[in-house]
Structure formats: C-alpha cells, structure tokens
Amino acid sequence: MTERDPFQHLLDEARAEEAVDARIRERLLRQVAEGSARLQGVLTDLVEQHPVVTVRCASGNQHQGRLLDVASDHVVVRNRDGLDVHIALDEIVLVRPEPSLRFPAATGDRTAPTGRTLHEVLTWVVGDRPRIAVVARGGGAPIAADLRAVGEDVATLVLDGSGDTAYLATAAIAELTILDT
C-alpha cells in the first residue's frame, strides 16, 4: 500500500474548502441581489429580454403583450391589438412572463430608464386630439373620450357617445390607452 503524499492531501483539502467558500459567496451575492430587487428594475430587465408578459392591475384588468418602456411612474405594454397601454406602476399587482420561459428570482435594482410621467404622455399627445381610453384608480369601466386639453393636474375630455365635456384628474389615471391620433 502506498502512502498518500501529505502535501497532496493538504492541496486537496484547500481546493475543497475553496470550492465550498465560492458556493457560499455566490449564494450570498444572489441573496443580496434578490433582497434589493425593485419592480422598476425587474420591469427594465424584462423590457430588454422582450418576452410576452401579462400585467394584472389593481382594477382587475389584465394586459398581455410586450413591455416597451419603463418610465418613472408607469410602464408601456404593446397589446395584441398593437395599442400601447400605459399602466401606473403603483397599480400593477402582478407581472407574469410567458409561462413557456423560465425566469430567475427578481434581482433588478435598476431605476427607470426614462423619467417621463403619465401626465407628460398626455401633454405630448394632446396636440393630436387623440381618442383615448382611461381607467381611473379604484377600477371601473374604461372611459372612452377625445382628449382636448391638458392642464397642470387636469385633462379635458369629450366623452364618447354623449359628446359631453368631462374633467379628469390626471393623478387618478391607473391605465391609459391612446386609441388613435
């Protein structure tokens, strides 16, 4: 029986300990990344990966499509009809990537790539007098209307059907879809 080289034995033990330490470091780094995850960061990661997602809102509405953008207070989902739905971040209850793909635990701690707000979106499109659909915070049926003016915290609408004028508090917007321009 040959005697084992004590130097080789020490090297083997050191390598084994190093491998264990590396796994522990990797696990700790993953836990730190998961613990610092933010919804905006996760959504930003998903924008870059281009999966189809389903976004469930506090209103009970669900929107399926591709995430196009993450802004300071909302995300933009291009739905299957080709319409861009702007959803307030604080109205998002659940985001589910397409089930056929596997995604890791949330680790995105990044901030929104664009600082644009829902109010600014209205301000940018008002000149085209678009037809819009708005869901107010707290749910309810979408309000379909023509956008006529945007002030500091209010939008003037001409309601579909009746042609009546209505005033929308822009802070109350949970979901905004620009139907045409």
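Residues numbered from 1 in each chain as written. Predicted model: local features only at pLDDT ≥ 70, side-chain atom pairs only at ≥ 80, totals over all residues. Heavy atoms only, no water.

**Concerning the overall build of the protein chain**
Looking only at helices and strands, the protein chain features three helices and ten strands. When its helices and strands are written in sequence order, the protein chain yields α-α-β-β-β-β-β-α-β-β-β-β-β. Sorting the 181 residues of the protein chain into buried and exposed places 31% on the buried side. Considering only intrachain contacts with a sequence separation of at least 6, the fraction spanning at least 24 residues in the protein chain is 57%. Put simply, the protein chain shows about 10,900 Å² of open surface, and 52% of that area lies on carbon and sulfur atoms. (Helix = DSSP H or I, 4+ residues; strand = E, 2+ residues; numbered from the N terminus. Buried < 20%, exposed > 50% of the residue type's maximum accessible area, 1.4 Å probe, protein only. Contact = heavy atoms within 4.5 Å. Areas by Shrake-Rupley, 256 points an atom, 1.4 Å probe, with all protein chains shown as cover.)

**Details of the sheet that holds strand E7 (residues 143-150)**
In spatial order, the strands read E5-E1-E2-E3-E4-E10-E6-E7-E8-E9; together these ten strands make up an open sheet with antiparallel pairing. Of all strands in the sheet, those bounded by a partner on one side alone are strand E5 (92-97) and strand E9 (165-169). Along the sheet, successive strands turn relative to each other by an average axial angle of 40°, direction set aside. The pairing of strand E6 (residues 131-136) with E7 spans four bridges and is classified as antiparallel. Each bridged residue has a counterpart across the sheet, and for Ala133 the counterpart in E7 is Ala144. Its contacts with the sheet put helix H2 (residues 39-49) on strand E1 (52-57), strand E2 (62-70), strand E3 (74-79) and E5, and the angle it makes with E2 is roughly 90°. (Pairing = 2+ DSSP bridges. Axes fitted to C-alpha atoms, helices over the stretch in contact; angles between N-to-C directions.)

**Thoughts on the pattern of salt bridges**
Counted under the stated rule, the structure contains six salt bridges. Among the ionic pairs, Asp84 bridges to Arg78, the shortest N-O distance being 2.7 Å. Judged by its relative accessible area of 23%, Asp84 falls in the partly exposed class. We note a salt bridge from Asp160 to Arg131, for which the minimum N-O separation is 3.0 Å. Of this pair, Asp160 sits in the loop between strand E8 (154-159) and E9 while Arg131 sits in strand E6, and the two are 29 residues apart along the sequence. When its relative accessible area of 32% is taken as the criterion, Asp160 is described as partly exposed. (Salt bridge = Lys/Arg side-chain N within 4 Å of Asp/Glu carboxyl O.)

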